[in-house]
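Below are the chains, spelled out letter by letter.
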Protein chains: 2
Amino acid sequence: MMKLYNYFRSSASFRVRIALELKGLPYQYVPVHLARGEHREAEFVALAPEGLVPLLELDDGTRLSQSMAIIEFLDETHRSPPLLPSEPLARARVRALAQIVACEIHPLNNLRVLQYLKRELGASEEAKNTWYRHWVRLGLEAFERQLAQQPPTRFCAGEAPTLADCLLVPQIFNARRFECDLSSLPRTLAAFDACMALPAFQRAQPSACPDFEP
Amino acid sequence: MMKLYNYFRSSASFRVRIALELKGLPYQYVPVHLARGEHREAEFVALAPEGLVPLLELDDGTRLSQSMAIIEFLDETHRSPPLLPSEPLARARVRALAQIVACEIHPLNNLRVLQYLKRELGASEEAKNTWYRHWVRLGLEAFERQLAQQPPTRFCAGEAPTLADCLLVPQIFNARRFECDLSSLPRTLAAFDACMALPAFQRAQPSACPDFEP
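Residues numbered from 1 in each chain as written. Chains lettered and ligands numbered in written order. Predicted model: local features only at pLDDT ≥ 70, side-chain atom pairs only at ≥ 80, totals over all residues. Heavy atoms only, no water.

- As annotated in an unreviewed UniProt entry, chain A is Maleylacetoacetate isomerase from Tibeticola sediminis.
- In its Sequence similarities (unreviewed entry) section, the UniProt entry covering chain A states "Belongs to the GST superfamily. Zeta family." (UniProt positions renumbered as here; feature names shortened; annotations may be inferred.)

Laid out in structure tokens, this is it:
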């Protein structure tokens, strides 16, 4: 059985959990407690040269990193249900939506960056939260404008979840945790709600994880 | 002919220029001067909802954003030479390398983030440069460790350039501009040197762009 090294609150981990659940693929959940720094311990770094979760270990021991790369691998090796459309232009749109989250929002707001702001730059709690909300707002407004250029669909790109939904949902969880104003994002939130109505997304969410802490 | 809205110093633009050159695809270079804020002007935002370069406009007027999504689109629609291997596991490794740059390094070091550090958080020039070098070091060391897990190859993943090389090369240009210490990255720099020996990478570099400023 595949092993997923991950952490309930890591949104990159959450993306991969969603893909595994949508594909119906069983996996062993191996918790790595980021807030306690377990990802920096020698035992984990020996497995994961980047020292990051998620890390997916296949049956033969091969290990894969980077959440979008893992999800595309799962999609290429377990085709049903597909997480990318078949037509190149439609695939590009789905990937671009995913990359707004993965390249424009999340990297600025993950735990190690927030710690750097506080420890190295002496940012106050308020300045840190303002930073967080600034990048969430910029990124999700761009996401919303991209959705608004297409006819309405149930999910981000069509009538079934795609890679874009796997990325969006954890980002909305984070945005809500930091009390970001999401009122200008109707299409984005409609897609989020459609996702959260599905058992796969419910099973993948932080509160359903074995290492969950309230 | 395709149009590429871009900027000589934007490393995300540089990635796409490399892919276009490797594929031998002609394109019209449309400069968008980021340092003068042209990407925030109404005329450009009407084309690019994210207000970001690169933006690729196809012959039929369709516009694509996000550099990795654009490169994968070009690869799927113009197969030769391929920028991704054909085997899923090898593809996952190439994408993961690309994503170390695109998700772990570059988002923390682009112009708007550095401006935020200075203007909103009052970071000194020195603190800003320390931030820059910190994320470059963390990311490229992870990149190097990933390369070191595989047998040596001429480029990042094999004997021809891939998506990973398209992402790596602009990042090394940036790292050198900020005088980052790259001495612990032999495999990474060997791949960089192999790339820069090719005319496609030479033609795509900032100093070869029509809007280049020394």
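Once the structure has been displayed, the description carries forward.
Remarks on the overall build of chain A
Step number 1: Secondary structure summary: chain A contains nine helices and four strands in total.
Step number 2: Counting helices and strands in the order they occur from the N terminus, chain A gives β-α-β-α-β-β-α-α-α-α-α-α-α.
Step number 3: Computed over the C-alpha atoms, the radius of gyration of chain A is 17 Å, within 12% of the 17 Å expected from 2.2 N^0.38 for a compact globule of 214 residues.
Step number 4: For chain A, with 214 residues in total, the buried portion stands at 61%.
Step number 5: Across chain A, contacts joining residues at least 24 apart in sequence account for 66% of those joining residues at least 6 apart. (Helix = DSSP H or I, 4+ residues; strand = E, 2+ residues; numbered from the N terminus. Rg over C-alpha atoms; globule rule 2.2 N^0.38 Å. Buried < 20%, exposed > 50% of the residue type's maximum accessible area, 1.4 Å probe, protein only. Contact = heavy atoms within 4.5 Å.)

Quick look at the UniProt feature "domain: GST C-terminal" (unreviewed entry) in chain A
Step number 1: UniProt records the feature "domain: GST C-terminal" (unreviewed entry) for residues 87-214 of chain A in the present numbering.
Step number 2: Annotated as 68% helix and 0% strand, the span residues 87-214 of chain A places its first and last C-alpha atoms 42 Å apart.

Description of helix 1 (residues 11-23) of chain A
Residues and elements named next belong to chain A.
Step number 1: Taking 1.5 Å per residue, 13 residues should reach 18 Å; helix 1 reaches 19 Å between its end C-alpha atoms and fits that length.
Step number 2: Counting buried positions along helix 1 gives 13 out of 13 residues, so the element sits mostly inside the fold.
Step number 3: At the exit of helix 1 stands Gly24, carrying a positive phi of roughly 70°. (Expected span 1.5 Å × (residues − 1).)

Thoughts on the UniProt feature "domain: GST N-terminal" (unreviewed entry) in chain A
Step number 1: Residues given the UniProt feature "domain: GST N-terminal" (unreviewed entry) here are residues 1-82 of chain A.
Step number 2: The span residues 1-82 of chain A is 37% helix and 20% strand, and its two end C-alpha atoms sit 21 Å from each other.

Considering the packing of helix 1 (residues 11-23) of chain B against helix 3 (residues 67-77) of chain B
All names here are of chain B.
Step number 1: Two elements in contact, helix 1 and helix 3, have axes whose closest approach is 9 Å; the angle formed by their N-to-C orientations is 10°. Judged by the angle between their axes, helix 1 and helix 3 are roughly parallel. Across from Ala12, Arg15, Val16, Ala19, Leu20 and Lys23 in helix 1, the residues of helix 3 making contact are Ser67, Ile70, Ile71, Leu74 and Asp75. (Axes fitted to C-alpha atoms, helices over the stretch in contact; angles between N-to-C directions. Parallel < 35°, antiparallel > 145°, perpendicular 65-115°, else oblique.)

Concerning the interface of chain A and chain B
Step number 1: Contacts between chain A and chain B engage 45 residues on the former and 45 residues on the latter.
Step number 2: Taken together, the two surfaces of chain A and chain B that pack against each other cover about 4,200 Å², and 63% of this comes from carbon and sulfur.
Step number 3: Among the residues chain A hides against chain B, the three largest losses belong to A:Pro49, A:Gln66 and A:Tyr116. Together they make up 15% of the total.
Step number 4: Where chain A packs against chain B, one counts eight salt bridges.
Step number 5: Among the elements that make up the side of chain A that touches chain B, the one with the highest residue count is helix 4 (residues 88-109) of chain A (14 residues).
Step number 6: When grouped by side-chain class, the residues that make up the side of chain A that touches chain B number 26 nonpolar, nine polar and 10 charged. (Buried area = accessible area lost by both parts, 1.4 Å probe. Salt bridge = Lys/Arg side-chain N within 4 Å of Asp/Glu carboxyl O. Nonpolar A, V, L, I, M, F, W, Y, C, P; charged D, E, K, R; others polar.)

Focus on the relation of the copies chain A and chain B
Step number 1: After a rotation of 180° and a shift along the axis of 0.0 Å, chain A superposes on chain B with an RMSD of 0.0 Å. Taken together, the rotation and translation relating the two chain copies correspond to the operation of a two-fold axis. Considering only C-alpha atoms, the residue of chain A closest to the rotation axis is A:Cys103, which sits at 2.5 Å.
Step number 2: Of the residues that chain A buries at the interface, 100% are likewise interface residues in chain B, meaning the two copies contact each other through the same surface. (Least-squares fit on C-alpha atoms with pLDDT ≥ 70 in both.)

Digging into the sheet that holds strand 3 (residues 55-57) of chain A
Residues and elements named next belong to chain A.
Step number 1: On the basis of which strands lie adjacent, the open sheet formed by four strands has the order 2-1-3-4 and mixed pairing. Sheet topology places strand 2 (27-31) and strand 4 (63-65) at the edges, where each strand pairs with a single neighbour. Mean inter-strand twist for the sheet, computed between neighbouring axes without regard to direction, equals 20°.
Step number 2: Both strand 1 (residues 2-6) and strand 2 contribute to a ladder of five bridges, which runs parallel. Bridge pairing links Met2 to Tyr27 in strand 2.
Step number 3: In the packing of helix 1 onto the sheet, the strands contacted are strand 1 and strand 2, and the crossing angle to strand 1 comes to about 155°.
Step number 4: On top of the sheet, helix 3 (residues 67-77) reaches strand 1, strand 3 and strand 4; it is set at about 125° to strand 4, its chief contact. (Pairing = 2+ DSSP bridges.)

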